[in-house]
Each structure stands twice: as structure tokens, then as C-alpha cells.
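Coordinates in review
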Amino acid sequence: MNFDLTEEQDLLQETVRQFAANECPPGRVRAIFDGDQGHDPALWKGLLELGLGAIAVPDEYGGAGLELLDLALASEVLGAGAVPGPFLGHSLAGLALLYAGSDAQKKSWLPKLASGEAIGTVAFAEGEGRWQPEDWTIAGGATLSGVKAHVPFGAHADLYVVGTRGGGLALVERGARRFEVEPLAGIDRTRRLSELRFADTPCEALPGGPAAAARVRDAGLVLLAADAFGGAARLLEMSVEYAKTRQQFGITIGSFQGLKHQLANMAVEVEPARGLYWYAAHALDHLPAESERSAALAKAHLTQVYMQVARDAVEAHGGIGFTWECDVQIYFKRAMFDRAFLGAPAAHRERAAALAGW
Amino acid sequence: MDLAYSAEYESFRGEVKKFLSSSWPLQGAEAKLPGDQKAALFRGRAIAAGYLARAVPVRYGGSEQAPDVLKGQIIREEFFRARAPGDLAGIGPSMLVPTLLEKGTEWQKEKFIGPTIRGEVVWCQGYSEPGSGSDLASLQTRAQIVGDEWVINGQKIWTSGAHIADYMFCLCRTERDAPKHAGISYLLLSMKQPGIEVRPLRQMTGAADFNEVFFTDARTPADWIVGKRGEGWIVSRTTLKHERNMIGDAANTVMMFGGLVELAKRALRDGRPAIQDPSVRQRLAQLEGYVRSHQYSGYRQLTKAAKAQEPGPIGLMNKLVSTNLGQEMAKIALDLVGDDGLLEPAERRLGAPRENGQWIGQFLWSLGSAVAGGTANIQRNVIGERGLGLPRDAAAQRS
């Protein structure tokens, strides 16, 4: 019985944390947030050099050969630093190839994703909250026709993993014929979005069936839950720090019980929930019977906690918290992204209820 | 991360199961004994087998086992599963015994610990006073040495079990001129004496589990003091440390959540099981996020304790988390029982399941946990100040 991280996992988190602190301090996050691209190739290259391009991909395909928990631990730290870039979609594209690809497809693409030669992303959403494999309507085959919404870094990706009718997955390459990428003004400027338009666009199906697609979705839910935990924990630290520094009526505002209780309530929301994403990540690799439901509950819970803590953090910072220049707003918008991407908490709670046979 | 126990621990679990299958429930003539005698008989055997009173030395009646958090957890799990009596949970075994082990004299340990862990004597705790709740160190009950006895005058309140207790451990002001915290001593006294009057306080549940206790020249021998004169505050903190170090154990919460789901399956809304109602499904699934968080947070604290690591701020949050969960479950249950929420817990509408009354009881009881042993707001102060490092309240700082 050991519900804790290994020394290697602690080290992994510490390494990414150090990298983020040195290479992506708040000033750089803000610059990228305000920039045109939302993506900084030099920063992304640094993350790839740490091995974050393919943590959970076996080493025979150029990955680090670790588990989904390790990938989620990296996601937590990137969430804590609000680190901009294509990590989420790129990770999911790699997992899609791993879970659903043929050996030739894996050999052809995974090393490129691991090295960063190619940026990958996933195209699942079809609007109106339709994110799940059973919601996908675009017919698979030799070509694709239709629209996919909310594709992370669609404007930067080289490889798109597109969800098709019946829980299928298909690869589309950048520059494919009759394929348009239309950037969207996403609320979270650290994770830019695009809309993809296909009109008889050539594609290549991945042979894995709907179970593989569901597993990619579940991995995505876990990565979002981990990101949410990291962001919420960081917002709590920032709010506590502010409460210890700011003075009014001649004393530190953190001594006022009203604020102290608000911060304590935030801590009680955040701190116990860490194990929820650990367990869900562990279940994806080791407890198949529980993995789908655990991922749904973790995503619903942690992204809702993140959203609420982000609202509380704005309040705890007072007027400055409501400004564009305050870092809280960047986390606030990442919370909005984590909450909505791959489906809102209510959708996953209903799925969890159905999966329990309620 | 590895959620399985190692072979060594699984073999230990096997031993515990084997012991339980041959020892509980009691058989033959012993099965006909009254309940408390059965429990006492069983506990004696479980102590002899090394499964209960593990932290207490053999010479004081314990089983003196090497500290092993995981074995402790396995024992609790298996005893819980077999519905066998575990370590006594009262305030004597959980608060007084660890305090005596750390701060008591040899004769105090010999006299009190054995009977307390066997349940032969019952204790109550004399801390709170009418004017001293959250600000406990302002307490005014006085004790003075007269000859070779302490003579005690004053009043305690919210004293759980005072009406059935044999003894009290009690904080009294003994050093009149000392500063607030330094004027307090930790005394033991017999409840069976003329100087003590116990008046029950009836709770909103209708039951009377706690009391007011009035001291009018109550007496206790001069050496029934734990620690030195004026050290009572520090001695009482020893006990609180033991209490705080208790690992958040979510077993009860998880079990209650299971019961709530069953209630939702049984309760009807418009003639259909309430669990088919989308709003009920949302509330239950949302609650399950919190229940599982608490459960895994318990696993993590258990792992840390097994590695002799500090749990961190989470250790300060367990009580508030389980209070919040108990209240939320009770609120959902009240919605599910519907019109039965008009009835006393013990009243039973014809054909209604008995569990409905238990949930109505829980609706009332869940508030007790938000108040007892430090209110939820005091817990928030503790989390804010000790957990997050926020400065103390200016008013509290001055006193």
C-alpha cells in the first residue's frame, strides 16, 4: 500500500518546476498570453528537451516509456506555471497513435512527435457540447467532410487526430487538400483554438476502435484534472501570499477572519483533491474496470474546484485581481478552458452516474 | 503508486482474519452474555493476541506492539468488516491514555490505563466553561490545595458523558497570579462524590449526551495532577497533538455515501426511483468527487505516516472536510426522504423504511460535528494560521 509518488516522480515534477521557473516566469507567460501566437517555439523546444513530448510513449517509439501518472504529474506542474503551448493536444495525439494506431503509423509518427519535429493535436468537438466519441458525426473513410471546433493550436499543428462517427480516429496532415484552419479568439490565450473545415479532405484512419478513442478521451480528462489541480494550488499560494503582504488599517489583511476563512475554504477545496487525479491516472494504466468513471469524476470535480478557486482568488486580490495585468486572470481563463474542454462537469457527472448503473 | 499491500502485510491480514473467524462472534455460553461483557471478553483476547491497545505497554495492560501504521489500518479494516469490537473509542482511551503515557507518573499509569482501555472505568473531559469556549485558556474553575487535597469550585459545560463517567480529567486555574495559560493545571478527579452535581443538557436531537458539571468544594488527592502545577495547558496540548495526528479515516464517510446512494434508489419521485432524476444524479456524482478526494487523501496520509513523514497542512483539514461531507449528505438525504422529514427520527410512518428516520437523525447530528471539539470556524482559523501561515487575529494575539 503506497499512495504516494516515487522519488523519480518527485524529481520529474521538480525538474519541470525548475524549468518553468527559469524559462517561463510570469513575465514570459504574460508576453505569450498577449502575443499573436500564444506559442513560443523556443519554450516548446525546451519542454521537448526535457522529454515532455512523449512521456507515456514507449522508448521504442522515441518516448520516455513512463506511465500516464507521470504525464499527468507534468501536466500539474505546467498548470501551476500557466505554461503556454501545445502540450495538451500534442500529448493526446501521441496517445491516440499509441492506443489506436497501426505499427506502421506509430513508427512513422511517434518519433516525430517525441522529438518535436511535428506538433500534434486532437480535433474532437462538434459544437453544442458534443465532445464524446459517441457524439462524433463526421463520417470516416478515405476522406473527411465537416467541421471540428475548438482544436488546440490547430494553427500550429502538423498532425491532426480527428474523431469520426462511431468512435473512430483519423489522421489529417497539415497542408492536406481541401482543408482549412480558421483560428478562433479563444478565452485562454495560453492554449489557442482553431476551427477545422474538411471538404473531402484526404485522411488516414487509425485501426483502433471506439474503446481506443474513449481511452484517449479519458487520458485527456486526467490531464485537464491535473492541470486544474496545479493551477488551483498555485492560485491558493498567490492569494495567501497577497494576504500576508497587503496591509490595511495598519495590519496585514490575512489576519482578518473573513479573508482567513475564505482562504481556508479554498485550501479545503484544493488540498484533499490531489489524489483524485493521481488515482484516475493510475487507474488508466492499471485498473481498467475503474478507469473511465474515475477519469470522469476527476475531471468534473477538479475543473469545477479550479473555476471556483479562480473566482475566489480574484476576490481575495481585490481590485488588482480584476485587472488584465494581474496573473490571476490568466489562471482564471485556464480554469475556463479546463472546465469546458472535452465536456463540462455536468456532462461527466451524468456519465459517471450512468457508468455506476444509477 | 501501488494500491496493493505487500506479501508481508497480506500475510498479517490473513492472521487477523483467522483470529477473527475463531474469536468473533463469541460461541456457546459466552454468546448469551450481555453485550458489554461480550465486548470486554473479546477485547481482552484481542489485546493478548496483539491486535488492540498496541501503543500501550504490557505492564499497563496493553499489547505493546512496534508502531506500524499499515498493520493498524489492516486491523481496523478487518475488525470493521467482521463487526468486531475494536479499540474503545471514548475520550478516556483516545485522549487521557496517550496523555498519561507521555506525561503521567508511574502510579498514575498503573492505576488508570488498564481499566480505561478495558472499558472498566469511563472518563469525561472537563475543559469548556460557560465563559470559555473557543478561548479555552480563559477558564475560571479554581482548584486550591487544602491539606493534602485539591478543593475545586466552579463550573464546566458541554461535558459529554459526565452522567455516566467514573472520573474526569479537568483543567483548573490553580495559580491565581500567573499569566493566563501558565495558571492552569491538569487534574484527575472522581465523579462519584458529594461536591459534584451533574445536570443534563438536552440537545436539539432530543437526547441528552452532555451536561453541565458544578463543583462545590469537590475534592481530589494532591498527587492526582498530571504534569506540574501551571503546566496543565501544555499537558492538554499533548492530548490534542495525539488527536490531530489521527489520520483522516474516510471509511465512515464512504460507507455513509453508499447508504445515501441506496436511499436514492429506494426513494420515489413521481413514482420513479429518485436516482433517475437528473438533479439527484448530479448532486450524488458531485458529492462523490468530494468523498473520493477525502478517501484518497486518507490513503496518502496513511502512506506518509507509514514512512514517518509529516502529513502537512492536510492533517489540519480532516475534521472540517468530514464535517462538510456529513452535512452535505444529510441535506441530500432530507430531500430524498421527502414528507418523512416532518417526523421525529424515532417515529415511523406505516410502510416507511426505518432508515428514513436514521437519516433525519443524521440531519440533526451532522450539525453537532460542526460545533463539537472546536467549531468549523475555529477549524478554519487553525487551517489559516497553522496550515497557510496567515497571521493570528489581532484580538486573539493580544490575549
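Treat the numbers as computed from the prediction; the structure is a model and nothing was measured. (Residues numbered from 1 in each chain as written. Chains lettered and ligands numbered in written order. Predicted model: local features only at pLDDT ≥ 70, side-chain atom pairs only at ≥ 80, totals over all residues. Heavy atoms only, no water.)

Attention now moves to the nonpolar core. Within the largest apolar cluster, 210 residues are counted, with the highest numbers of intra-cluster contacts made by A:Leu169, B:Phe79 and B:Leu260. By residue number, the principal contributor to this core is helix H7 (residues 210-245) of chain A, which donates 19 residues. The next biggest cluster of nonpolar side chains, apart from the first, holds 17 residues, and it includes B:Ala143, B:Met168, B:Cys170 and B:Ile196. (Core = buried A, V, L, I, M, F, W, Y, C linked by side-chain atoms within 4.5 Å. Buried < 20%, exposed > 50% of the residue type's maximum accessible area, 1.4 Å probe, protein only. Helix = DSSP H or I, 4+ residues; strand = E, 2+ residues; numbered from the N terminus.)

A few words on the environment of B:Ser22. Mapping B:Ser22 onto the fold places it in helix H1 (residues 7-23). Separated by 342 residues in the primary sequence, B:Ser22 and B:Leu364 place their C-alpha atoms 39 Å from one another.

Scanning the entire structure with this criterion turns up 30 aromatic pairs over all chains. Seen from their ring centres, B:Tyr127 and B:Phe169 are 6.0 Å apart, and the 85° between their planes marks the pair as edge-to-face. In this pair, B:Tyr127 sits in the loop between strand E1 (123-126) and strand E2 (142-146) while B:Phe169 sits in strand E4 (residues 167-173), placing the two residues 42 residues apart along the sequence. For the residue pair B:Tyr127 and B:Phe169, the accessibility class agrees, reading buried in each case. Of the aromatic side chains, those joined through ring pairs into one cluster are B:Trp107, B:Phe112, B:Trp123, B:Tyr127, B:Tyr167, B:Phe169, B:Tyr186 and B:Trp224. The ring of A:Trp109 has A:Lys112 sitting right over it, with the charged end atom 4.9 Å from the ring centre. One residue, A:Arg293, lies across the ring of A:Trp358, its end atom 5.4 Å from the ring centre. (Phe/Tyr/Trp six-rings, centres within 6.5 Å; stacked < 30°, edge-to-face > 60°. Lys NZ or Arg CZ within 6 Å of the ring centre and 35° of its normal.)

Listed by partner, the interface residues are 43 residues for chain A and 48 residues for chain B. For the pairing of chain A and chain B, the buried interface totals around 4300 Å² over both sides, and the portion due to carbon and sulfur atoms is 63%. Area buried by chain A at its contact with chain B is led by A:Met1, A:Phe3 and A:Trp358, which between them contribute 22% of it. One can count five salt bridges joining chain A with chain B. Measuring nitrogen to oxygen at the nearest pair gives 3.3 Å for the salt bridge that ties A:Asp4 to B:Lys307. The interface formed by chain A and chain B holds 17 residue pairs in polar contact (both at pLDDT 80 or more) in total. Looking at the side of chain A that touches chain B, the elements that each hand over two or more residues are H7, strand E9 (251-252), helix H8 (257-270), helix H9 (274-286), helix H10 (288-316) and helix H12 (345-355) of chain A. Among the elements that take part in the side of chain A that touches chain B, H8(A) stands out by supplying nine residues, more than any other. Class assignment of the residues belonging to the side of chain A that touches chain B gives a composition of 21 nonpolar, 13 polar and nine charged. (Contact = heavy atoms within 4.5 Å. Buried area = accessible area lost by both parts, 1.4 Å probe. Salt bridge = Lys/Arg side-chain N within 4 Å of Asp/Glu carboxyl O. Polar contact = N/O pair within 3.5 Å; in protein donor to acceptor, adjacent residues only side chain to side chain. Nonpolar A, V, L, I, M, F, W, Y, C, P; charged D, E, K, R; others polar.)

To continue, consider the environment of A:Gly89. All names here are of chain A. Within the secondary structure, Gly89 is located in helix H5 (residues 87-100). For the pair formed by Gly89 and Tyr160, sequence separation is 71 residues and the distance between their alpha carbons is 9.1 Å. Beyond its immediate chain neighbours, meaning those up to four positions away, Gly89 contacts Gly120, Thr121 and Val122.

All right, on to the packing of helix H7 (residues 251-266) of chain B against helix H9 (residues 314-337) of chain B then. All names here are of chain B. Across the interface, H7 lies against H9 with an axial gap of 10 Å and an inter-helix angle of 15°. Classified by the interaxial angle, the pair formed by H7 and H9 is roughly parallel. Every pair of crossing elements has a handedness; the one defined by H7 and H9 is left-handed. On H9, the residues that touch Thr253, Met256, Phe257, Leu260, Leu263 and Ala264 of H7 are Ser322, Leu325, Met329, Ile332, Ala333, Leu336 and Val337. Residue classes in the contact of H7 with H9 are distributed as eleven nonpolar, two polar and no charged. (Axes fitted to C-alpha atoms, helices over the stretch in contact; angles between N-to-C directions. Parallel < 35°, antiparallel > 145°, perpendicular 65-115°, else oblique. Left-handed = near helix turned anticlockwise from the far one by under 90°.)

Right, let's get into the layout of surface pockets. Quantified by volume, the second largest pocket comes out at close to 920 Å³. In terms of lining residues, the second largest pocket is bounded by 41 residues, among which A:Arg17, A:Ala80, A:Ala233, A:Arg234 and A:Glu237 are the most central. Those elements that provide at least two residues to the lining of the second largest pocket are helix H1 (7-23), helix H2 (26-34), helix H4 (68-80), H7, H9 and helix H11 (328-340) of chain A together with helix H8 (278-306) and H9 of chain B. Per-element accounting of the lining of the second largest pocket gives the leading share, eight residues, to H7(A). Considered class by class, the residues forming the lining of the second largest pocket number 24 nonpolar, five polar and twelve charged. (1 Å grid on protein atoms, 1.4 Å probe; cavity = no way out; pocket = protein on both sides within 12 Å on 5 of 7 lines; lining within 4 Å. Points joined across faces, edges and corners; volume = space filled by probe spheres on them.)

Residue and element names in this part refer to chain A. What the rule picks out here adds up to four cavities of 30 Å³ or more. By volume, the largest cavity is sized at about 90 Å³. Lining the largest cavity, in full, are Ser75, Leu78, Val83, Gly85, Phe87, Leu88, Arg191, Leu223, Asp227 and Arg334. Counting residues per element, the ones that place at least two in the lining of the largest cavity are H4, H5 and H7. Here the residues of the lining of the largest cavity sort into five nonpolar, two polar and three charged.

Another point: H9(B). Residue and element names in this part refer to chain B. Over its 24 residues, H9 extends 34 Å from the first C-alpha to the last, a length consistent with the 34 Å expected when each residue adds 1.5 Å. Summarising burial for H9: 17 of the 24 residues are buried, a large majority. One or two residues past the end of H9 sits Gly338, with phi positive at roughly 60°. (Expected span 1.5 Å × (residues − 1).)

A separate point is the pairing of strand E7 (residues 210-221) of chain B. Of the strand pairs in this sheet, strand E3 (residues 149-160) of chain B and E7(B) are connected by ten bridges, and their pairing is antiparallel. Directly across from B:Ile157, in E7(B), lies its bridge partner B:Glu212. (Pairing = 2+ DSSP bridges.)

In short, shape yes, function no, at least from these values alone.
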